[in-house]
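Summary of structural features
For reference, the chains in residue letters:
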Amino acid sequence: MKGAGSIVQSPGDVPRICDRGNPGMAAGGMGDVLTGVIAGIAAQCGDLARAARAGVFVHAQAGDLAARRGERGLLASDLLDQLRSCVNPC
């Protein structure tokens with residue numbers, strides 16, 4: 001489910017709410033980036049439910065980092081630089 005407070009749930013699991021993200025992410029291509037993030041994590045961990053939860057969080061966190069320069073005009077491609085810092089420990 002998309003929107004503020006995205007809900008992620010897999011069959012037989014408790015729904016999880018992601019409280020990250022921002023209105024600037026309501027832009028074309030954001031869902032494509034999210035799909036890619038989830039697919040990449042799923043390929044690495046082999047667990048689609050876990051990948052969906054982690055992917056939603058990472059995507060939203062990257063969106064928040066990208067929006068530090070403003071939510072207006074935020075593009076899906078603006079998340080790409082931020083994604084690396086969200087998935088790689090310092």
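Residues numbered from 1 in each chain as written. Predicted model: local features only at pLDDT ≥ 70, side-chain atom pairs only at ≥ 80, totals over all residues. Heavy atoms only, no water.

Along its length, the chain carries three helices and two strands. Listing every helix and strand of the chain by position from the N terminus yields β-β-α-α-α. The C-alpha radius of gyration computed for the chain amounts to 13 Å, which stays within 12% of the reference 12 Å derived for 90 residues, consistent with globular compactness. Along the longest, intermediate and shortest principal axes, the C-alpha atoms of the chain span 40 × 25 × 25 Å. Across the 90 residues that make up the chain, the buried fraction comes to 33%. (Helix = DSSP H or I, 4+ residues; strand = E, 2+ residues; numbered from the N terminus. Rg over C-alpha atoms; globule rule 2.2 N^0.38 Å. Buried < 20%, exposed > 50% of the residue type's maximum accessible area, 1.4 Å probe, protein only.)

A few words on helix α1 (residues 30-45). In this model, α1 (16 residues) spans 23 Å end to end at C-alpha, consistent with the 22 Å of a helix rising 1.5 Å per residue. Turning to α1, its buried residues number three or more, namely Met30, Val33, Leu34, Val37, Ile38, Ile41 and Ala42. Looking at the buried side of α1, the elements it contacts are α2 (48-66) and α3 (79-87). (Expected span 1.5 Å × (residues − 1). Contact = heavy atoms within 4.5 Å.)

Topologically, leucine 83 is positioned in helix α3. Distance from leucine 83 to glycine 24, taken between C-alpha atoms, is 16 Å for residues 59 residues apart in sequence. With near-sequence residues (within four places) excluded, leucine 83 lies in contact with Val33, Val37, Val58, His59 and Ala62.

Core analysis: the largest hydrophobic core is formed by 22 residues, its most contacted members being Met30, Val33, Val37, Leu74, Leu79 and Leu83. Of all the elements in the fold, those that place two or more residues in this core are α1, α2 and α3. (Core = buried A, V, L, I, M, F, W, Y, C linked by side-chain atoms within 4.5 Å.)

The subject of this paragraph is the packing of α1 against α2. Packed helices, taken two at a time, are described by the angle their axes make and the gap between the axes. Close contact between α1 and α2 brings their axes to 8 Å; oriented N to C, the two are set at 135°. Between α1 and α2, the crossing angle belongs to the class labelled oblique. Considering the relative orientation of α1 and α2, their crossing is right-handed. Of α2, the residues touching α1 (which contributes Met30, Val33, Leu34, Val37, Ile38, Ile41, Ala42 and Cys45) are Leu48, Arg50, Ala51, Ala52, Ala54, Gly55, Val56, Val58 and His59. Residues that form the contact of α1 with α2 fall into these classes: 14 nonpolar, two polar and one charged. (Axes fitted to C-alpha atoms, helices over the stretch in contact; angles between N-to-C directions. Parallel < 35°, antiparallel > 145°, perpendicular 65-115°, else oblique. Left-handed = near helix turned anticlockwise from the far one by under 90°. Nonpolar A, V, L, I, M, F, W, Y, C, P; charged D, E, K, R; others polar.)

Moving on, we come to the environment of alanine 27. Mapped onto the elements, alanine 27 comes out in the loop between β2 (16-18) and α1. Sequence separation of alanine 27 and alanine 76 is 49 residues, and the distance between their C-alpha atoms is 7.0 Å.

Orientation of α2 relative to α3, taken along the N-to-C sense of each, is 120°, at an axis distance of 8 Å. By the criterion of interaxial angle, the relationship of α2 to α3 is oblique. Note that α2 runs across α3; the crossing there is right-handed. Of α3, the residues touching α2 (which contributes Val58, His59, Gln61, Ala62, Gly63, Leu65 and Ala66) are Leu79, Gln82, Leu83, Ser85, Cys86 and Val87. For the contact of α2 with α3, the per-class residue count stands at eight nonpolar, five polar and no charged.

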